[in-house]
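# Chains, contacts and geometry: an overview
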2 protein chains.
Amino acid sequence: MRDFSQDHYWLSINTATVRKQWPLDRIIDECARRGIRAISPWRDQVAAVGIDPVAKQLKAHGMGLSGYCRGGFFPAADAPGRQAALDDNRRAIDEAKMLNAPCLVLVVGALPGALAGKPQYKDMARARSEVHDGIAASLEYARAVGMPLAIEPLHPMQAAERACVNTLEHALDLCDELDPECTRMLGVALDIYHVWWDPKLEQQIARAGAGPQGHQSSRLLAYHVCDWLAPTRDLLNDRGMMGDGVVELKKIRGWVEQAGYQGFSEAEIFSELDWWQRPGEEVLDTCIARHKSSV
Amino acid sequence: MRDFSQDHYWLSINTATVRKQWPLDRIIDECARRGIRAISPWRDQVAAVGIDPVAKQLKAHGMGLSGYCRGGFFPAADAPGRQAALDDNRRAIDEAKMLNAPCLVLVVGALPGALAGKPQYKDMARARSEVHDGIAASLEYARAVGMPLAIEPLHPMQAAERACVNTLEHALDLCDELDPECTRMLGVALDIYHVWWDPKLEQQIARAGAGPQGHQSSRLLAYHVCDWLAPTRDLLNDRGMMGDGVVELKKIRGWVEQAGYQGFSEAEIFSELDWWQRPGEEVLDTCIARHKSSV
């Protein structure tokens, strides 16, 4: 297992972590100033600054991406809605390519309309089928341009609104169905916030590393960290800073590295009540400190 | 599948549903007045009235129990703590017996201290091992007095504070380990609020019905309903009335009955922001109406 205690060489910052403090160009400068080598930006943050300036700024700093957030949201109540989702995912893939991302993270979607409080249907099997088909269609284009897709299983408390893929096992089942040759064009983004509770986590991480039928290729395309607070006061925006909650971060990173993952550890903290209220400088400095002490 | 549309013969009321409105003796009277044949009371509600008066009142009304809430909370930071938990579970089993409950529901516990915001350790594997051992020890006594234990898998968002058994699959694994002969002294309480999101739900419900190695006995000892609201505003007390959320209640009851379950459908709604604010009479009348229309 890699030693993170001496530096933050493998730290990436998901830019949602300081989205309330700064626009993306400032975030990039502040990360560069601290020797942070990679970020994972969100599409709306990129759009607000403009993708060409962002690409130039990243290049000037020699800064890379650990992922691009996000594609997905495939289910829809009708065919035009599903086509619109596919078109949007194609644009997301193009953007990820322009920014030289290692993968596009997919938050796959769930019951259409549920995020706005008006679910248009309740059939989870249908939502899952539409997710399957949406990934299959997007994967075709992703392969053509060479942009890996990373399915992110979300916590089951997000199953209605954001993602009906809620376990690593389910995400890997999809990978095996849609990419049986394990080409590394389809894998998973493993965010410990969403999966830490799963009694099958160690087993499924090992499966992700082994690939199907004894392939060596790893399905692990991205690794996100924060912490689970006890108590948690909000279903979306009460994530903890690494070390402040109950997740066994080092144990899980050990499993992930055992499975072959050697990439960035991406800090992604949505925190309305705490970290979004603090100065961005303090948040980034704390991410660096906790990356060394707790991840 | 049974027809629930004509009457509420198979409705049970979990007494937490109107706990903010009434003490248990009033709840029993109000349920009896409406022809509700069964309740599932909580230990603190029983203690507040006294177990002997409660037993007499139930008998006078010819009212039964669909379960008794609750035992569990096995993990502790030290041996005296674990022994205290076992002693308390023994008392809960005795009370369940005095009230002629068909099962004692187990909320198994998780990281000790986490419920009070001060987790005493973070090792989920240890918590799960202590849960395993705690159920094993309690099962011995439960067998001796003839009181079935029903493991309730809780939603993964409760994994730190209340139960580290978060899927039906995990609960059934424990049943198979601790009661391989499928004696009906150990099974599960299936609450749709906790498990509705699970892509393996249908498969695991079928497994619960079949029992291990082709046994016919069902592991399904209790069935709880409410609904999952989108959005959900609180991790504990924002459950929806049946029909107001996104859960496919009839589909899931179909699976449960296919697996052999023919008992009560127990309405259990914790709702700080809505149903606990309404008159108890309205809550019970709505449970009856929704039992017929939506369950």
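Residues numbered from 1 in each chain as written. Chains lettered and ligands numbered in written order. Predicted model: local features only at pLDDT ≥ 70, side-chain atom pairs only at ≥ 80, totals over all residues.

## As for the pairing of strand β8 (residues 220-225) of chain B
All names here are of chain B. Quick reminder of the rule: For every residue, the other C-beta atoms within 10 Å of its own C-beta are counted; 20 or more classify it as buried, 12 or fewer as exposed, and values in between as partly exposed. C-beta atoms are placed from the backbone. Comment: elements are numbered from the N terminus, with helices defined as DSSP H or I runs of at least four residues and strands as E runs of at least two. Note on pairing: DSSP must find at least two bridges between two strands before they are called paired.
Where burial is concerned, most of β8 is hidden: six out of the six residues are buried. As judged from the four bridges shared by strand β7 (residues 186-191) and β8, these two strands associate in the parallel manner. Bridged to L190 within β8 is Y223. Both β8 and strand β9 (residues 265-267) contribute to a ladder of two bridges, which runs parallel. Opposite H224, over in β9, you have E266 as the bridge partner.

## Here's the deal with the interface of chain A and chain B
So the rule is basically this: Note that contacts rest on C-beta atoms placed from the backbone: two residues are in contact if these are within 7 Å. For this classification, Asp, Glu, Lys and Arg are treated as charged, while Ala, Val, Leu, Ile, Met, Phe, Trp, Tyr, Cys and Pro are nonpolar and the rest, including Gly, are polar.
At the junction of the two partners, chain A supplies 25 residues and chain B supplies 25 residues. Looking at the side of chain A that touches chain B residue by residue, the classes come out as 15 nonpolar, five polar and five charged.

## Some thoughts on the packing of helix α6 (residues 168-178) of chain A against helix α8 (residues 201-210) of chain A
Residues and elements named next belong to chain A. Defined as follows: Geometry is summarised by axes, namely lines fitted to C-alpha atoms with helices restricted to the contacting stretch, and by angles between N-to-C directions that run from 0 to 180 degrees. Reported orientations rely on four angle classes, namely roughly parallel under 35 degrees, roughly antiparallel over 145, roughly perpendicular from 65 to 115, and oblique for the rest. Each helix crossing is assigned a hand: it is left-handed if the near helix lies turned anticlockwise from the far helix by less than a right angle, otherwise right-handed if that turn is clockwise.
With their axes 9 Å apart at the nearest point, α6 and α8 run at an angle of 20° to one another. Compared by their axis directions, α6 and α8 come out roughly parallel. As for how α6 packs across α8, the hand of that crossing is left-handed. Judged by residue contacts, L168, E169 and L172 of α6 engage L201, Q204, I205, R207 and A208 from α8. Among the residues forming the contact of α6 with α8, the class breakdown is five nonpolar, one polar and two charged.

## A word on unusual backbone geometry
A cis amide bond, omega 0°, links C69(A) with the succeeding residue R70(A). For R70(A), the position within the fold is in strand β4 (residues 68-72). The peptide bond linking A230(B) to P231(B) adopts the cis configuration, its omega dihedral lying at 5°. For C182(A), which is not glycine, the phi torsion reads 55° and is therefore positive. Within the fold, C182(A) resides in the loop between α6 and β7 (186-191). In this structure C182(A) comes out as buried when scored by C-beta crowding, with 20 C-beta atoms within 10 Å.

## Quick notes on helix α9 (residues 249-258) of chain A
Residues and elements named next belong to chain A. We apply this condition: What the arc covers is the set of directions going from the helix axis to the C-beta atoms.
Looking at α9, one finds that the buried residues are L249, I252, R253, W255 and V256. End-on view of α9: buried residues confined to an arc of 155°, all on one side of the axis. Lining the buried residues of α9 we find β7, α7 (192-195), α8 and β8 (220-225). Of the residues flanking the end of α9, it is G260, one or two places downstream, whose phi is positive at about 105°.

## Focus: the environment of T232(A)
Tracing the backbone through its elements, the reader meets T232(A) in the loop between β8 and α9. Of the residues examined, T232(A) has 19 C-beta atoms within 10 Å and is grouped as partly exposed. Taking the C-alpha atoms as reference points, T232(A) and G245(A), separated by 13 residues in sequence, lie 9.6 Å from one another. Excluding its chain neighbours within four sequence positions, the residues that come into contact with T232(A) are D238(A) and L235(B).

## Notes on helix α5 (residues 124-145) of chain B
Residue and element names in this part refer to chain B. We count it as follows: Expected helix span is given by 1.5 Å per residue-to-residue step, counting one fewer step than there are residues.
The end-to-end C-alpha separation of α5 is 31 Å, in line with the 32 Å expected for 22 residues at 1.5 Å each. All buried positions along α5 are accounted for by M124, A127, E130, V131, G134, I135, S138, L139 and A142. Structurally, α5 contributes buried residues whose contacts are with β4 (68-72), α4 (79-98), β5 (104-107), β6 (149-151), α6 (168-178) and β7. Downstream of α5 by one or two residues, G146 has phi in the positive range, about 80°.

## A few points about the sheet that holds strand β1 (residues 11-14) of chain A
Residues and elements named next belong to chain A. Read across the open sheet, the nine strands follow the order β3-β2-β1-β9-β8-β7-β6-β5-β4; overall the sheet is parallel. For this open sheet the edge positions go to β3 (64-65) and β4, each flanked by a neighbour on one side alone. Summarising the sheet, strand β6 (residues 149-151) and β7 pair through three bridges and their orientation is parallel. Residue pairing across strands places L149 opposite L186, the latter belonging to β7. Each of β4 and β5 (104-107) is contacted by helix α4 (residues 79-98), which is oriented at about 160° to β4, the strand it contacts most.

## A word on the sheet that holds strand β1 (residues 11-14) of chain B
Residue and element names in this part refer to chain B. Reading across from one edge, β3-β2-β1-β9-β8-β7-β6-β5-β4 is the order of the nine strands in this open sheet, with parallel pairing throughout. Only two strands of the sheet have a single partner each, and these edge strands are β3 (64-65) and β4. Each of β4, β5, β6 and β7 is contacted by α5, which is oriented at about 155° to β6, the strand it contacts most.

Function-wise, these values are silent; they only describe arrangement.
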